[in-house]
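Chain by chain, the residues:
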Amino acid sequence: MALLADPDAPTEIAKRMSRTLPARLADKAGHGRRFDIEVISEAFTSGTEDPPTLMRRIIDRGSEENWDIVVALTDLPLHSHGRRLVANMNHEHGLALLSLPSLGGLRLQTRARLAVEEAVLGLAGPQPTAPESPPRRQMLPESADGRLTPVHLGAVDEEESADLRYAVSGPRGYLRVLFGMVRANRPWRLVPGLSKALAAALATGAVATVNSTIWTLADSLSAPRLVIATVGSVALMIGWLIVDAQLWHHSAQGSLEARQRARLYNVSTVLTVGIGVLVCYVSLVAINFVWALFILNDQVFASMTRDPLNATDYWTLSWFVASTATVGGALGSGLESDEAVRAAAYSKREQERRHMLQEEHDG
């Protein structure tokens, strides 16, 4: 059998699970069955996110290589009949298409492995006597997700290549896909991707820390005002990055499903960029605190603020300076190329998808 995986994160997940998957499948299947796993890294979703089209591609690919079973993994969120797709299965051709974001943002490796195991065991089991009654194996068993799992059987049209479909619905399903999309984007990569913005923020923070006016302001600010400064500066940084790098998704289609999909992409963008900016902000607080410990003089500070320097003042000053530096970082982010920001904010599949949509819009 083959694990056909999109490049980047899906390939990494497929390679990790392939180390233990043959033994686990043989143990679950019993009867002395043996499973040989081959991992193929290939951009099979290139140019489309339409499930029927992807299923036909996988069927053709499996026929070329004469694989008995093919399980395809992608980090694109897929939609079908207004629902967010978890998996499409075709028992006649022995294939399954799995959308990783629908598995959620936590324990992704474990959930993906369980889903692949159940898909393979279902495809390798006895064939149904009628095409309309395929074996109903549970894609994510109770032991994996508990009773609150939002995965359900979905509708399949007669003309489609799938004979069994799992989808997620409702608020839990929406949140599950949303966090899965954020997880696929790996927001922590935004930190090194904003090197020029971080350099500008660090320079702003270093200068602000030795400014006596900043000392006086920080000493006079209450906790609620510091919180407002934090929220304002972080929101400014998020908004600036999204607008300047053109990260906001505009749907060219007017259908309800297209608008819902656009909202999902935009919310995942805000969360991805927001997590990355928050990591930068916390790092700035820590760096500014260390810098303040090194540079501040208690006598000079007391002469300017008329209050003795204590441990609380270090944290308050570092907190306020981080907000000021974040605004400077927002300006510095304009030095980054749009491509660099997109590469840091999005997974490889999502970058290709947005590039394709941009070409369609320009054309």
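Within each chain, residues carry numbers counting from 1 in the order of the written sequence. In keeping with the predicted nature of the model, local features appear solely for residues at pLDDT of at least 70, side-chain atom pairs appear and are counted solely at 80 or more, and the whole-chain, interface and lining totals rest on all residues. Each side-chain value is worked out from all heavy atoms of the structure, with water and hydrogens disregarded.

S.K.: When you look at the overall build of the protein chain in this model, what are you seeing that I'm missing?
M.R.: Strands are runs of DSSP state E lasting at least 2 residues, helices are runs of H or I lasting at least 4, and numbering of each runs from the N terminus. On a plain count of helices and strands, the protein chain comes out with 15 helices and eight strands. By definition, residues are in contact when any of their heavy atoms lie within 4.5 Å. Restricting the contact set of the protein chain to residue pairs at least 6 apart, pairs at least 24 apart contribute 78%. Working definition of accessibility: Shrake-Rupley area with a 1.4 Å probe, residue cover restricted to the visible protein chains. Here the protein chain displays about 17400 Å² of accessible surface, and carbon together with sulfur accounts for 57% of that area.

S.K.: Would you mind going over the packing of helix H9 (residues 212-220) against helix H12 (residues 298-305) with me for this structure?
M.R.: Angle between the axes and distance between the axes: these two values describe a pair of packed helices. Across the interface, H9 lies against H12 with an axial gap of 9 Å and an inter-helix angle of 70°. Put simply, H9 runs roughly perpendicular to H12. Taken as a pair, H9 and H12 cross one another with a handedness that is right-handed. Counting all contacts with H9, which are made through Ser212, Trp215, Thr216 and Asp219, the residues of H12 involved are Val300, Phe301, Met304 and Thr305. In this classification, the charged set is Asp, Glu, Lys and Arg, the nonpolar set is Ala, Val, Leu, Ile, Met, Phe, Trp, Tyr, Cys and Pro, and all remaining amino acids, among them Gly, are polar. When its residues are assigned to classes, the contact of H9 with H12 shows four nonpolar, three polar and one charged. Between N-to-C directions, angles span 0 to 180 degrees; the directions come from axes that are lines fitted to C-alpha atoms, helices contributing only their stretch in contact. Between 65 and 115 degrees an angle is taken as roughly perpendicular, under 35 as roughly parallel, over 145 as roughly antiparallel, and anywhere else as oblique. Crossing handedness is read from the near helix: turned anticlockwise from the far helix by less than a right angle, it gives a left-handed crossing, and turned clockwise, a right-handed one.

S.K.: What should I look at first to understand helix H2 (residues 21-29) in this one?
M.R.: Quick reminder: α-helices carry 3.6 residues per turn. Residues three or four places apart thus point the same way. Three exposure classes are used, based on accessible area relative to the maximum for each residue type with a 1.4 Å probe and protein chains only: buried under 20%, partly exposed in between, and exposed over 50%. Taken together, the buried positions of H2 are occupied by Leu21, Leu25 and Ala29. The buried residues of H2 occupy an angular sector of 55° when projected down its axis, which confines them to one face. Seen from the buried face of H2, the exposed residues on the opposite side, beyond 90 degrees, are Ala23 and Asp27. Buried residues belonging to H2 abut strand E1 (2-5), helix H1 (9-18) and helix H4 (108-124). Gly30 lies just past H2 and shows a positive phi near 70°. Note that the arc is computed from the directions linking the helix axis to the C-beta atoms.

S.K.: Whenever I open this one, the pattern of salt bridges confuses me. Can you help?
M.R.: In what follows, salt bridge is the name for a side-chain nitrogen of Lys or Arg lying within 4 Å of a carboxyl oxygen of Asp or Glu. As enumerated under the stated definition, the model contains eight salt bridges in all. Here Glu65 and Arg61 are joined by a salt bridge, their closest N and O atoms 2.8 Å apart. Residue Glu65 and its partner Arg61 are both found in helix H3 (residues 51-65); the two are separated by four residues, about one turn of the helix. Ionic pairing is found between Arg113 and Glu117, a salt bridge with its closest N-O pair at 3.3 Å. Here the residue Arg113 and the residue Glu117 both occupy positions in helix H4, the gap between them amounting to four residues, near one helical turn. Here Arg113 and Glu117 have matching classes, each one buried. Salt bridges sharing common partners tie together Arg24, Lys28, Arg113, Glu117 and Glu118.

S.K.: I tried to follow the UniProt feature "transmembrane region" (unreviewed entry) in the protein chain on my own but got confused; where do I start?
M.R.: UniProt positions are given in the numbering used here, feature names are shortened, and annotations may be inferred rather than shown by experiment. Mapped onto this numbering, the UniProt entry annotates "transmembrane region" (unreviewed entry) at residues 223-243, 264-294 and 314-332. Counted over residues 223-243, helix gives 100% and strand 0%. Its end C-alpha atoms are 30 Å apart. Across residues 264-294, the secondary structure splits into 100% helix and 0% strand, with the terminal C-alpha atoms separated by 45 Å.

S.K.: Explain the environment of Leu4 to me, please; I cannot follow it from the model alone.
M.R.: Structurally, the position occupied by Leu4 is in strand E1. For Leu4, a relative accessible area of 1% gives the class buried. Each C-alpha atom of the pair Leu4 and Leu97 lies 9.2 Å from the other, and the pair is 93 residues apart in sequence. Each residue touching Leu4, except ones within four places of it in the same chain, is listed here: Ile40, Glu42, Phe44, Ile58, Arg61, Val70, Val71, Ala72 and Leu73.

S.K.: Honestly, the environment of Ala124 in this entry has me stumped. Any pointers?
M.R.: Following the sequence through the fold, Ala124 ends up in helix H4. A relative accessible area of 17% places Ala124 in the buried class. Spatially, the C-alpha atoms of Ala124 and Ile69 are 7.6 Å apart, while their sequence positions differ by 55 residues. For Ala124, the residues in contact, after removing those within four places along its chain, are Arg33, Phe35 and Ile69.

S.K.: How do you make sense of unusual backbone geometry when you look at a structure like this?
M.R.: With the exception of glycine, most residues fall at negative phi, and the peptide bonds are largely trans. If you check the backbone angles, Asp8 has positive phi at about 80° while not being a glycine. You can see Asp8 is positioned in the loop between E1 and H1. Asp8 sits in the buried class, given a relative accessible area of 18%. Of note, the phi angle at Asn66 is positive, near 60°, even though the residue is not glycine. As for its position among the elements, Asn66 is in the loop between H3 and strand E3 (70-74). The class of Asn66 is exposed, set by a relative accessible area of 65%.

S.K.: Can you walk me through the nonpolar core in this structure?
M.R.: General note: in soluble globular proteins, nonpolar side chains tend to be found buried as a group. Take the buried residues of types Ala, Val, Leu, Ile, Met, Phe, Trp, Tyr and Cys, join any two whose side-chain atoms come within 4.5 Å, and each joined set is a nonpolar core. Ranked by size, the top nonpolar core spans 37 residues in total, and within it Leu3, Met17, Val71, Leu73, Leu98, Val116 and Val120 carry the most contacts. Ranked by residue count, the leading element in this core is H4, at nine residues. Val234, Met237, Leu241 and Ile242 belong to the second-largest nonpolar core, a separate cluster that totals 19 residues.

S.K.: I keep staring at a nonpolar patch on the surface and nothing clicks. Help me out?
M.R.: A contiguous nonpolar surface patch, about 380 Å² in accessible area, is contributed by Val210, Trp291, Phe294 and Ile295. Within the secondary structure, Phe294 is located in helix H11 (residues 256-295). In this scheme, patches are assembled from residues that exceed 30% relative accessible area and form no salt bridge. Like charges are connected within 9 Å, while nonpolar side chains (Val, Leu, Ile, Met, Phe, Trp, Tyr) are connected within 5 Å.

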